[in-house]
Structure formats: structure tokens, C-alpha cells
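# Observations on the model geometry
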Amino acid sequence: MTAIRLDAVSKVYDGEHLAVDDLSLEIADGEFMVLLGPSGCGKTTLLRMIAGLEPVTSGTVWFGRTDGTNLAPRERGVAMVFQTGALYPNRTVQGNIMFPLQVAGEDDVRAGSTAVGLARVLSIESVLDRMPRTLSGGQRQRVAIGRALVRQPEVFLLDEPLSNLDATMRTELRQEIGAMTRDLNVTTLYVTHDQVEALTLADRIAVMRDGRIEDVGTPTQVYNDPATAFVAGFLGTPRINLLAATVRVSAHHRVCLDFGGQAIGLDPTDRRSLILRHHDGVRVVVGARSNAFRLITTEDAPNQVAGTIHAFEFHGQQSIAFIQCGIEVVDPDRIGRPVATPVNYAGDRRLVARIRRRLGRASATPPLEPLVASHRRADLVVELPVDTELARGSRVHLAVDTSRIHIFDQTGHRVDRVTR
Ligand code: ATP
């Protein structure tokens, strides 16, 4: 086992495509870290750089106290499992699992018995004599995992290992991967774009976007206390409501969030109120999950929004209502593209710096771009009790629990900065 530290790592493909941008991250010895993010954000590239399959353009990869940036893959103590585990087609399951031990010079009897033990843990003991082509997708991935772990790697890297499996198999193998890596106490980096996998498996999640990390924390931290609007929008089903608002400050320093016709007030003791009371007229984004609202009957209660039910969905434990309330919504994918910090490259600094300048990421100050709001009339997504008697077209009043909302600035960062 070993800790991993990525120090300002960047990757430029073909001299012009910045896939990983000045990324720093520490993964503790024995930790299970999930890299989560949308397609193309650089997750696989980062994993391949740690494995040594892709050279870094600049920056340093540390394994414990060893600078591993230029080590060959086999010198890194790293094992990797891909989306589709490529097995040796002419070897049996047992032959596949024991192969790395044979290559390392272990005798066949000991290698065989180690493989059998691992197959037992992975529930593939009954197919040890079968050839890969006769296995199901789930069994094949188990063999690939067994073969990766048989030499007890220091670091275990998994690149979307469950994405080709059906839902039942995914859940089962997910739980087994979690249990096994913790039993072995191996430092694990797991790439996925599936938030459920990330939330259920990780000790910590690093949420990536455009080659950078937007937030890193425990599943509870990134879900309940997201650092940016993008992270808030990426985690959670249904998706968080992101509503465009303008800060209004009254003569008595009372702070309201004006949604254009509807408004909610912040408690004067709320930290965000203290921050925003000097920002009258500033545009912000209010993030509110579907459970931050409560159905009320009085029209004159404070801190409420009103609207008309546009559609209902029955979800078993609760109903989800889509409510038209005339508030502009913000697209989490467009708000606040990543912002650069000063660069100190250890490798090909000039190339990376040139590309970052071209992408407008050279400045240390966040660019204040206009808030991107949709002009359609918002569908506020709200959880309602299943026994609600309301129907489509009903007018509803919803109390907003301001302790459960997040307020983001125009760059997508929380106005009350998140420190972990
Ligand atoms: P996915 O979830 O779809 O696999 P990802 O987050 O793993 O995506 P990467 O595969 O790391 O993303 O790709 C990051 C960016 O780098 C993408 O824009 C991709 O097109 C680009 N890229 C990846 N590999 C290469 C390559 N060999 N040559 C050029 N560009 C590449």
C-alpha cells in the first residue's frame, strides 16, 4: 500500500488538447478515492498517467515518497482493470488469474492455489476451468479483478469496471469491489461517471470537470455541502433546482433573494446574509434540492414560492412534482467554467501555459461572466408526499427551508466558500 500525490499534473494531447489541467490531489494510503465526472473531463487520462501508460506533460506523480513520474508501468506497483477486462482467450479462468504470478517466477502449485483462493473471494470458484469466451460479462470482470489483485498491488486502478454490466450485476459487483479493496487495504482509484457508484463506494470523491477538480470530499460532504453549482447539479436525483436570483438588501440590512416576482429572505444571523448584505443587486444562483420545499396552505407565510403543478411522477416512497413558477433556471453545465490558479509547471510548462492562455485560463482571477439562465418558465422539481391529493393544474404554495439552500456566485462557487 502507498499514498499517491499528484502535484500540478497536466496532460496535453497532440500539442494542443488540454485534457488534464494543473491538477493536484492526494490519495491516502489505503483510501478508496472515486474520480467522478462527465464524459471527456479527463478521468481516464489521469488514471493512465498514474499507471504510467500515458506520459504527463508537466507536474509530478508521487507514490509515497518516490517520484514516480518517469517510472515504467511495471515499476509502479500498480494494477489496473478496464471497462472490458481483456482476458487471455486461450487460458482458463485459473490460468488467467495465476498468469502474473507465473511471469514473476512463482511455481505453478503455489500460483494455482493463490488463484483458487482469490476465485473463492470473487465467487467464480465454479468456473475456474472454463475459457473466457464461455463467461458472462460479470464473471469476466471478476476474473480481470482477480488477475489484477493476485500480485497484491500497492495501488489498484479501476476504469469504469461496471459500465458494461446489467443493473443487478452492477450492484452485486460494486458491493464486492468495495468489500474486497477494504479487506486488502489497497489504495484504490476508481473512475466512473455514475454518481450512485461514487456515493456508495468512495471514502472520498473527487468531482472533475474540464480536466480539473471542482470539489473533493466524503460522499456526504460533496452531496450536502457542494463547493460549486456544477457539483451540486452533477450529484443527486432528481437534479438540484438551480434558480437565478438577485440579491436585494433593505435599509435594515435584511437580505432577500429575488426570483423576479417572488422572493425569500435570509435570517439576519445566517452567514450568507452577512456576506451578501454588501452586494445589493448582484446576481446569484440558488441551489435547492427537491426536499428543501414543504407544501403549505397559507398564501401569506414568509419564505415561500408559488406555482402551478405541471406534471407528477410517482416514485414509490414519494411523488415528484414539476411546478411552473416563473423563475429562471440556470444550466449547471454552463455556469462557471474552471478558473485557473497561478501555474508552476515542472515539465513542459511553456506548452501547457500557451494552451491555457488560448483557453482563457491564464488569469488567477475568476472571470465574471453573465449568469447563464434559461428563459423557459422554470419547472421547479419538488418532492411531495405520495398521498397528496393535488392534481395537474393545482396551484401550490411551498415553504423554502433556507437552511437547506446553497447560494452560488456567478462563477458557480459558493458565496460562503467551502473549506474541508
Ligand atoms: P469518458 O468517461 O468518456 O471515458 P474521460 O473523463 O475518461 O471520458 P478522457 O478519456 O480522459 O476523459 O479524455 C479527456 C479528453 O482528452 C477528451 O476530450 C478526449 O477526447 C481527449 N483524449 C483522450 N485521449 C486522447 C488521445 N489519445 N489523443 C487525443 N485526445 C485524447
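Residues numbered from 1 in each chain as written. Predicted model: local features only at pLDDT ≥ 70, side-chain atom pairs only at ≥ 80, totals over all residues. Heavy atoms only, no water.

### Side note on the site of the ligand
Operational definition: Working definition: residue near molecule or strand if any one of its non-hydrogen atoms lies within 4 Å of it. Pairing of N or O atoms within 3.5 Å defines a polar contact, subject to two protein rules: one partner must be a possible hydrogen donor and the other a possible acceptor, and residues neighboring in sequence count only if both atoms are side-chain atoms. Here, Shrake-Rupley sampling with a 1.4 Å probe gives the accessible areas, and only protein chains in the shown set may cover a residue. Helix and strand definitions here come from DSSP, where helices need a minimum of 4 consecutive H or I residues and strands a minimum of 2 consecutive E residues; each element is numbered from the N-terminal end.
The full set close to the ligand counts 13 residues, and S39, G40, K43, T44 and T45 are the nearest of them. G40 is positioned such that a nitrogen or oxygen atom in its backbone is 2.8 Å from an oxygen atom of the ligand. Protein chains bury 62% of the 630 Å² of accessible surface belonging to the ligand in isolation. The element that contributes the greatest number of residues to the shell around the ligand is helix 1 (residues 43–51), accounting for three residues.

### Re the domain arrangement of the protein
Think of interface size as the accessible area that goes away when the parts come together; that is how it is often given. Stated precisely, the cut-off is as follows: What marks off one domain from the next here is an automatic or database domain assignment. In what follows, a contact means two residues having at least one pair of non-hydrogen atoms within 4.5 Å. For any pair of parts, buried area is found by adding up, for both, the accessible area (1.4 Å probe) each one loses once the two are put together. One side-chain nitrogen of Lys or Arg within 4 Å of one carboxyl oxygen of Asp or Glu is enough to make a salt bridge.
Each assigned domain of the protein is listed here: domain 1 (4–227) and domain 2 (234–335 + 371–408). Opposite the 13 residues of domain 1 that make contact, domain 2 presents 11 residues. Among the residues of domain 1 in contact with domain 2, Q195, R209 and Y223 are the three that bury the most area, contributing 51% of the side total. For the pair domain 1 and domain 2, the number of links is zero salt bridges. Remark: the boundary between domain 1 and domain 2 carries seven residue pairs in polar contact (both at pLDDT 80 or more). Sorting the residues of the side of domain 1 that touches domain 2 by element identifies helix 6 (195–201) and helix 7 (219–224) as the ones contributing at least two each. Element by element, the count of residues in the side of domain 1 that touches domain 2 is highest for helix 7, at three residues.

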